[in-house]
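# Overview (structure and organization)
The chain contents come next:
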Amino acid sequence: MTMFDLRELDAPIVGAPMAGGPSTPALAAAVSGAGGLGFLAGALLGADKLAADIATARNLTSGPIGVNLFVPQFDTGRPEEIAGYAEELAELASQFAVELGEPRYTDDDYPAKIDVLLDLRPDVVSFTFGCASADDIGRLRAAGITTVATVTTVDETEMAKARGVDAFVAQGPGAGGHRGTFDPLAEPATDSLEVLLAAVLERSDVVIAAGGIGTPEDVERVVGLGAVAAQVGTALLLSDEAGTNPVSRAALQDKQFTETAVTKSFSGRYARGLKNRFMENHEKTAPLAYPQIHYLTGPLRRAAVKAGDPHATNHWAGTAFGEARPGAAAAIVEALSSRIRR
Ligand SMILES: Cc1cc2nc3c(=O)[nH]c(=O)nc-3n(C[C@H](O)[C@H](O)[C@H](O)COP(=O)(O)O)c2cc1C
């Protein structure tokens, strides 16, 4: 069985999986159609929806398709801190006339999603927030699927390597969205992407660089350092095919938002996004409790989007958000890879 080789992409661009709306089958298909590798986000949706998304993407492109899953983490508990945080957010929720969500712990339907992947066999599967078990990695590889671990430290790289993955995404500190940090209670690593990339390349030949990559020069630089490709998320958020909500689209182009910051206030796990009032007001007290805080703030964030208020919902984005441009995803991939077309 021949497995998909990440070293053979025509354009060294991976379209990052972006859970929570931005990733769509059309976006994944457009990135793959342009010679890159498009990803579907398998997190925060049901196994049936994931199966439907894979089928839709397959109908839109004959190119490769990747799927990303969040690996379920242990329940960090902290019911009292969560209850206190819910009390703190109650007033804001009432301003939007919504009830906060139930702060529940779930496994994100992970075992059923692994079965979907074994059945539908996308070309590539990547994991974030940890690495799949050696057993699951073995089953996916036996099904002809290339397996990838998202890592943010050397220790995580060694752990994933021992489980048998084929490749790595080295995610640097400038990345938009959640940090892939395995330990849900650990502070996110701050080593630069360059330092992390060099360390991961000492342990694998197939490494994708991610985090704060926004220009053709950035892509050229990480490929020059040995990465097989650059994984970009933020650069695709304004693309025609992305499912980015209108409030986030506007915020990304709104001069009042001048910087990004890492926050646990929206989901209970560290993620980078445009710095807004919610982050400023609630960062200190938000407990590290994922996915409970994600579910707790969900209705509030959806209400803020409905009301067009950019200060009460998250806008995940990396440090290079100022480089993001609207347009067809294929044109964005082409521009980013223009200095190194293979
Ligand atoms: C809106 C958004 C959602 C994201 N969701 C996921 C996800 O579901 N799974 C994942 O592995 N990474 C996710 N990421 C992180 C990306 O995989 C990648 O590391 C990041 O986008 C790279 O940094 P950049 O945004 O500066 O390009 C997300 C990033 C963004 C911006």
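This structure is a prediction, so every number in the text was calculated from the model and none was measured. (Residues numbered from 1 in each chain as written. Predicted model: local features only at pLDDT ≥ 70, side-chain atom pairs only at ≥ 80, totals over all residues. Heavy atoms only, no water.)

Moving on to the side chain of Thr-297. Turning to its location among the elements, Thr-297 is positioned in helix α11 (residues 292-307). By relative accessible area, Thr-297 is classed as buried at 0%. Ignoring any residue separated from it by four or fewer positions in sequence, one finds Thr-297 in contact with Leu-89, Ser-265, Phe-266 and Phe-278. (Helix = DSSP H or I, 4+ residues; strand = E, 2+ residues; numbered from the N terminus. Buried < 20%, exposed > 50% of the residue type's maximum accessible area, 1.4 Å probe, protein only. Contact = heavy atoms within 4.5 Å.)

What the domain assignment lists for the protein is domain 1 (6-72 + 107-234 + 324-336) and domain 2 (75-106 + 258-314). Computed over C-alpha atoms only, the centres of domain 1 and domain 2 are separated by 26 Å. In this complex, domain 1 contributes 20 residues to the contact, which on the side of domain 2 involves twelve residues. Between domain 1 and domain 2, the buried area comes to about 1400 Å², and carbon and sulfur atoms account for 55% of it. For domain 1, the biggest contributors to the area lost against domain 2 are His-178, Pro-184 and Leu-185; these three give 33% of the whole. Counted by class, the side of domain 1 that touches domain 2 contains ten nonpolar, five polar and five charged residues. (Domains from an automatic or database assignment. Buried area = accessible area lost by both parts, 1.4 Å probe. Nonpolar A, V, L, I, M, F, W, Y, C, P; charged D, E, K, R; others polar.)

Strand pairs in the sheet, formed through backbone hydrogen bonds, run parallel or antiparallel to each other. If you walk around this closed barrel you meet the eight strands as β1-β2-β3-β4-β5-β6-β8-β9, and the pairing is parallel. Within the sheet, the average angular offset between the axes of one strand and its neighbour, ignoring direction, is 25°. This element, helix α4 (residues 110-120), spans β3 (65-70) and β4 (124-128) of the sheet and lies at about 165° to β3. (Pairing = 2+ DSSP bridges. Axes fitted to C-alpha atoms, helices over the stretch in contact; angles between N-to-C directions.)

Direction vectors running N to C along helix α2 (residues 47-60) and α4 enclose 25°, while the axes themselves pass 9 Å from each other. Classified by the interaxial angle, the pair formed by α2 and α4 is roughly parallel. Crossing handedness for the pair α2 and α4: right-handed. On the side of α2, the interface is formed by Ala-47, Leu-50, Ala-51, Ile-54 and Arg-58, while α4 contributes Ala-112, Lys-113, Val-116, Leu-117 and Leu-120. (Parallel < 35°, antiparallel > 145°, perpendicular 65-115°, else oblique. Left-handed = near helix turned anticlockwise from the far one by under 90°.)

Looking now at the site of the ligand. Around the ligand, the structure places 23 residues, and the nearest of them are Asn-68, Thr-128, Gly-212, Gly-233 and Thr-234. Within the backbone of Gly-212, a nitrogen or oxygen atom sits 2.8 Å from an oxygen atom of the ligand. Notes on the ligand: free accessible area 590 Å², of which the protein chains cover 97%. Secondary-structure elements contributing two or more residues to the shell around the ligand are β3 and β9 (229-232). When its residues are assigned to classes, the shell around the ligand shows eleven nonpolar, twelve polar and no charged. (Near = heavy atom within 4 Å. Polar contact = N/O pair within 3.5 Å; in protein donor to acceptor, adjacent residues only side chain to side chain. Areas by Shrake-Rupley, 256 points an atom, 1.4 Å probe, with all protein chains shown as cover.)

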